[in-house]
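The residues making up each chain are set out below.
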Number of protein chains: 2
Amino acid sequence: MTVTLKDVAERAGVSRSAVSRTFTPGASVSAKTRSKVEQAAAELGYAPSALASGLSTGRTKLIGLVSNNFRNPIFLEVFDLFTRAIQDRGLRPLLVNLSEDTDPEAAIRMLRQYSVDAVIVASSTLSPAFAANCKAAGLPVVHAFGRATRRPEVPVVGIDNVEAGRMAARALLARGYRDIGFLGGPAGATTTQDRLAGFRQELARHPGCRLRESFASTYSHDAGAAEMSRLIDSGPLAEAYFCGDDVIAIGALGVLRKAGREVPGDVGLIGFNDMEAASWDLVTLTTIRQPLDEIIAVSVGQAIALSEQPETPVTQTLLPLTLIERGTLRPGM
Amino acid sequence: MTVTLKDVAERAGVSRSAVSRTFTPGASVSAKTRSKVEQAAAELGYAPSALASGLSTGRTKLIGLVSNNFRNPIFLEVFDLFTRAIQDRGLRPLLVNLSEDTDPEAAIRMLRQYSVDAVIVASSTLSPAFAANCKAAGLPVVHAFGRATRRPEVPVVGIDNVEAGRMAARALLARGYRDIGFLGGPAGATTTQDRLAGFRQELARHPGCRLRESFASTYSHDAGAAEMSRLIDSGPLAEAYFCGDDVIAIGALGVLRKAGREVPGDVGLIGFNDMEAASWDLVTLTTIRQPLDEIIAVSVGQAIALSEQPETPVTQTLLPLTLIERGTLRPGM
DNA sequence: GGGCGAATTGCAACCGGTTCCTAAACCGGT
DNA sequence: ACCGGTTTAGGAACCGGTTGCAATTCGCCC
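Thresholds applied
- All residue numbers here refer to positions counted from 1 along the written sequence of the relevant chain.
- Whichever chain is written first becomes A and whichever ligand is written first becomes 1, with later ones labelled in order.
- With pLDDT at 70 or above as the cut-off, local features in this predicted model cover only qualifying residues; side-chain atom pairs require 80 or more to be listed or tallied, and sums for whole chains, interfaces and linings still use all residues.
- To obtain the side-chain values, all non-hydrogen atoms of the structure were used and water was disregarded.
- Domain ranges listed in this record stem from an automatic or a database domain assignment.
- For the least-squares superposition of copies, only C-alpha atoms count, and only for residues with pLDDT at least 70 in both.
- Residue contacts follow a heavy-atom distance rule, with two residues in contact if any of their heavy atoms lie within 4.5 Å.
- Every definition here rests on a 1 Å grid over the protein atoms only: cavities are sets of points where a 1.4 Å probe fits but cannot get out, pockets are open sets enclosed by protein on both sides within 12 Å along at least five of seven lines, and lining residues have some atom within 4 Å of a point.
- Grid points are joined across faces, edges and corners, and a volume is the space filled by probe spheres set on the points.
- Proximity is defined per residue: any heavy atom of the residue falling within 4 Å of a molecule or strand makes that residue near it.
- Residues adjacent in sequence count toward polar contacts only when both atoms are side-chain atoms; beyond that, a polar contact is any pair of N or O atoms within 3.5 Å, and within protein one must be able to donate a hydrogen and the other to accept it.
- Secondary structure counts use DSSP, requiring at least four H or I residues in a row for a helix and at least two E residues in a row for a strand, with both numbered from the N terminus.
- Amino acids outside the nonpolar list (Ala, Val, Leu, Ile, Met, Phe, Trp, Tyr, Cys, Pro) and the charged list (Asp, Glu, Lys, Arg) are all regarded as polar, and Gly is one of them.
- Strands qualify as paired when DSSP identifies two bridges or more between them.
- Helix axes are fitted to C-alpha atoms over the stretch in contact, other axes to C-alpha atoms as well, and angles between N-to-C directions run from 0 to 180 degrees.
- Salt bridges are defined as contacts in which a side-chain nitrogen from Lys or Arg sits within 4 Å of a carboxyl oxygen from Asp or Glu.
- Roughly parallel means an angle under 35 degrees; roughly antiparallel, over 145; roughly perpendicular, 65 to 115; everything else is oblique.
- By definition, turning the near helix anticlockwise from the far helix through less than a right angle yields a left-handed crossing, and turning it clockwise yields a right-handed one.
- Partly exposed describes any residue whose relative accessible area lies between the buried limit of under 20% and the exposed limit of over 50%, with all areas from a 1.4 Å probe on protein chains only and scaled to the type maximum.

A. Region of interest: the domain arrangement of chain A. Segmenting chain A into domains produces domain 1 (5-48), domain 2 (62-159 + 292-320) and domain 3 (161-289). One C-alpha centre belongs to domain 1 of chain A, the other to domain 3 of chain A, and the line joining them spans 62 Å.

Next comes the structure, spelled out in structure tokens:
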């Protein structure tokens, strides 16, 4: 059933090497042989085996795309962009779903077994140790949406979460809010910690401000709703909240409306991510957008560079955020 | 850097075949050699190359997962379930994003090059010709979310869209709606056509009913919003609408609220899919759920069966729908 | 027509496993 | 100690490509 190099060679009346070379860009083949081979290949419907060529060249054109985030709608867009970017470069994504119950070591082992050219870890919640382990196992790796650190072990592409916190704080202050809440994601997440740090930093520069801190148990709608319910039940609210994610903000928004509070009339809300639903008429959430397309383009570019040139120095790329103003904060002053 | 069979063999003082056999379940190896080999393998950190073994056995444990739907949030859950189901069976998903500008033939060629064990097409909007072409190219294929037809060319797993239409109609009728609207997805989509057919069928059994038909240009929030705006502008609305998808329904809902119409007070709305946002407090959309988990479990099961036993007769599996009652239809009578 | 360097070509070894086949080791029984 | 029947082990060919190397062919000039 499958047509091999040998079949084409016989049909074209040339050696196997000649066939191989016609399909290897930059190899030395005369125009005559090339056309004979191409014709034979076309007639037979020949497609070179990526497995075999991967085996002998050591490059498989496979990119391991690892994520543990299959709940936040923003990641559908992330996967869309990643798969396209990877495909456009002539590579293919081998997807790894690293959910709670899967063993990270097993995942690394399997990425090695398939000898992927590089690994892209796409997650802000996955421990940096995972990427580091990939690297230790000899896999070129880049961590997209990873945390910026002083001395990163692997290349990181993402945003500056501390700056994100500052940016949110500035947005709230500029709109005259003074009694301000932080409604973060899980308290243990580094994204939460970093954003909180920036948030505090900026508020600290405005003496008259009050800051209250609270955390949703996960990055999810329901956790956001639950935490806002708790806040409502436990006394007067802040004037505005910076939420750790749009889904959290939307959960909070739903609860506020249900409780008869006007947003932004009574309470202001600003989210993070600019997921599609943030722009829905039912939502119109003011939020901070991270440049997904750029993060992904850079990540893929680096992954490829790294696979070709493994000893490239480790870099860190932090891309700029944008405030997207919609309807959940009162107008600026 | 990479440890091979040979290295392990030398270290263990046995032949390469012996090593291969210890890693091949069911092969004949004495306990003594096995333990020698296992120890040597562990010491060296040996992981057998999936490429090489795929090359010689003809099975790669790779499943091509093809989709063109990277916009509808429901598909994030689809990908989550698929990747887990595939991984749990010891296989890995090779993801193919078949968006508008990618060539389906190229995709098939590449799936052949990597000699995937089977292909799963996950899309309700992709032409059945694609799956048929896979099959013609010798790739075992199953079409998840595909259309039920009289004589399917490839195995299909999904739902009965005609029945979905009937179900929606029955739900509306049972709640006393008589002037009823169909707000489908793209008029050309088979899902739209089938659901409309079922919808008409059921309404036809109730003489006093009026049916109005309209279509959103795509399966998206904005298209739903746009179409509902048009309806509002062009005269009195129906009492309730069956929308082709939750995102369309949510778009419509947003426009209705903005126009000051109460839902379900003035207008009823029922969606399709039960995406996560349908359950948000801001939305509480009554909708019809398709059993994603079952569809996916069956699809993966069939794909594997097919890869092991290519001549299995072509079957069609249609799974049952569930009405999820929330807050956008008035209570039943 | 002969000679020269450059471009092509084919051979053969190799990538890392799998598996058929034969030979060797093993077993219990006499 | 010997025999016949099982296991088990190793050799070698094969999966489908790639590539270094030596041999051949080519184009061109004298």
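Next comes the rest of the write-up.
B. Layout of the relation of the copies chain A and chain B. If you rotate chain A by 180° and push it 0.0 Å along the axis, it lands on chain B with an RMSD of 0.1 Å. Here the two chains are linked by the operation of a two-fold rotation axis. Scanning chain A for the C-alpha nearest the rotation axis identifies A:Leu94, at a separation of 2.4 Å. A share of 100% of interface residues in chain A that are also interface residues in chain B marks the association as one of identical surfaces.

C. Region of the structure containing empty space enclosed by the protein. Scanning all chains against the criterion turns up one cavity of 30 Å³ or more. The calculated volume of the largest cavity comes to roughly 30 Å³. In terms of lining residues, the largest cavity is bounded by A:Leu51, A:Tyr114, B:Ala50, B:Leu51, B:Thr60 and B:Leu62.

D. A look at the protein's contact with DNA strand D. Neighbouring DNA strand D are 29 residues; A:Leu5, A:Ser20, B:Arg21, B:Ser30 and B:Thr33 lie closest to it. Near the protein, meaning within 4 Å, the atoms of DNA strand D are sugar or phosphate in a fraction of 56%, with bases accounting for the rest. The separation between a phosphate oxygen of DNA strand D and a polar side-chain atom of A:Ser20 is 2.4 Å. The separation between a base nitrogen of DNA strand D and a polar side-chain atom of B:Arg21 is 2.6 Å. For the surface near DNA strand D, the secondary-structure elements that each account for two or more residues are α2 (16-22) and α4 (50-57) of chain A together with α2 (16-22) and α4 (50-57) of chain B. With five residues, the top contributor of residues to the surface near DNA strand D is α4(A). Here the surface near DNA strand D is built from residues that sort into 11 nonpolar, 14 polar and four charged.

E. Here's a closer look at the sheet that holds strand β9 (residues 268-270) of chain B. Residues and elements named next belong to chain B. The sheet built from four strands is open, its strands ordered β7-β6-β8-β9 with parallel pairing. Of all the strands in the sheet, the pair left with one neighbour each is β7 (210-215) and β9. Geometrically, the sheet is characterised by an average inter-axis angle of 20° between neighbouring strands, direction not taken into account. Sheet topology places strand β6 (residues 179-184) next to β7; six bridges connect them, and they run parallel. Along β7, the bridge assignment pairs Gly-184 with Phe-215. Against the sheet, helix α9 (residues 190-204) touches β6, β7 and β8 (240-243), its axis set at about 170° to β6.

F. Structural view of the interface of chain A and chain B. Across the contact, 56 residues belong to chain A and 57 residues belong to chain B. Joining chain A to chain B, the criterion identifies eight salt bridges. For A:Arg84, the salt bridge goes to B:Glu100, with nearest N and O atoms at 3.6 Å. One can count 16 residue pairs in polar contact (both at pLDDT 80 or more) joining chain A with chain B. Considering each element in turn, the side of chain A that touches chain B owes the most residues, eight residues, to helix α5 (residues 74-88) of chain A.

G. Broad picture of the side chain of A:Asn97. Mapped onto the elements, A:Asn97 comes out in strand β2 (residues 92-97). For A:Asn97, the side chain forms a polar contact with the side chain of B:Asp80, separated by 2.7 Å. Excluding its chain neighbours within four sequence positions, the residues that come into contact with A:Asn97 are A:Ser67, A:Phe70, A:Thr102, B:Asp80, B:Thr83, B:Arg84 and B:Gln87.

H. Seen up close, the packing of helix α10 (residues 221-233) of chain B against helix α11 (residues 246-258) of chain B. All names here are of chain B. One way to put it is that α10 packs onto α11 with a least axis distance of 7 Å and a crossing angle of 45°. Judged by the inter-axis angle, α10 sits oblique to α11. With respect to the hand of their crossing, α10 and α11 are arranged in right-handed fashion. Residue-level inspection shows His-221, Gly-224, Ala-225, Met-228, Ser-229 and Ile-232 of α10 in contact with α11, the latter providing Val-247, Ile-248, Ile-250, Gly-251, Ala-252, Val-255 and Leu-256. A class-by-class count of the residues in the contact of α10 with α11 yields nine nonpolar, four polar and no charged.

I. Expanded view of the protein's contact with DNA strand C. Of all residues adjacent to DNA strand C, which total 29 residues, the nearest are A:Arg21, A:Ser30, A:Thr33, B:Leu5 and B:Ser20. Considering DNA strand C, the proportion of its atoms within 4 Å of the protein that are sugar or phosphate atoms stands at 56%. A distance of 2.5 Å is found between a phosphate oxygen of DNA strand C and a side-chain nitrogen or oxygen belonging to B:Ser20. Listing elements by their share of the surface near DNA strand C, those giving two or more residues are α2 and α4 of chain A together with α2 and α4 of chain B. Ranked by residue count, the leading element in the surface near DNA strand C is α4(B), at five residues. For the surface near DNA strand C, the per-class residue count stands at 11 nonpolar, 14 polar and four charged.

J. Looking closely at the sheet that holds strand β6 (residues 179-184) of chain A. All names here are of chain A. Spatial ordering of the open sheet is given by β7-β6-β8-β9-β10-β12, a layout of six strands whose pairing is mixed. In this open sheet, the two edge strands, each paired with only one partner strand, are β7 (210-215) and β12 (322-324). On average, adjacent strands in this sheet sit at an angle of 20° to one another, irrespective of strand direction. Here β6 pairs with strand β8 (residues 240-243) via four bridges, running parallel. If you follow Leu-183 over to β8, its bridge partner there is Cys-243.

K. Here's a closer look at the pattern of salt bridges. Inspection of every chain in the model, using the stated rule, returns 36 salt bridges over all chains. Between A:Glu227 and A:Arg230 there is a salt bridge, with the nearest N and O atoms lying 2.7 Å from each other. A residue pair is termed a helical-turn pair when its members lie 3 or 4 positions apart in one helix, as A:Glu227 and A:Arg230 do in helix α10 (residues 221-233) at three residues. Here A:Glu227 falls in the buried class, since its relative accessible area comes to 9%. When salt bridges that share partners are traced, they join A:Arg71, A:Glu100, A:Asp101, B:Asp80 and B:Arg84 into one network.

L. Spatial organisation of helix α7 (residues 128-136) of chain B. All names here are of chain B. Considered for burial, the residues of α7 that qualify are Phe-130, Ala-131, Ala-132 and Cys-134. Structurally, α7 contributes buried residues whose contacts are with β1 (62-67), α6 (104-113), β3 (118-122) and β4 (141-144). The distance from a side-chain oxygen at the start of α7 to the backbone nitrogen of Ala-129 is 2.8 Å, and the residue carrying that oxygen is Ser-127. Just beyond α7, the residue with positive phi is Gly-138, at close to 90°.

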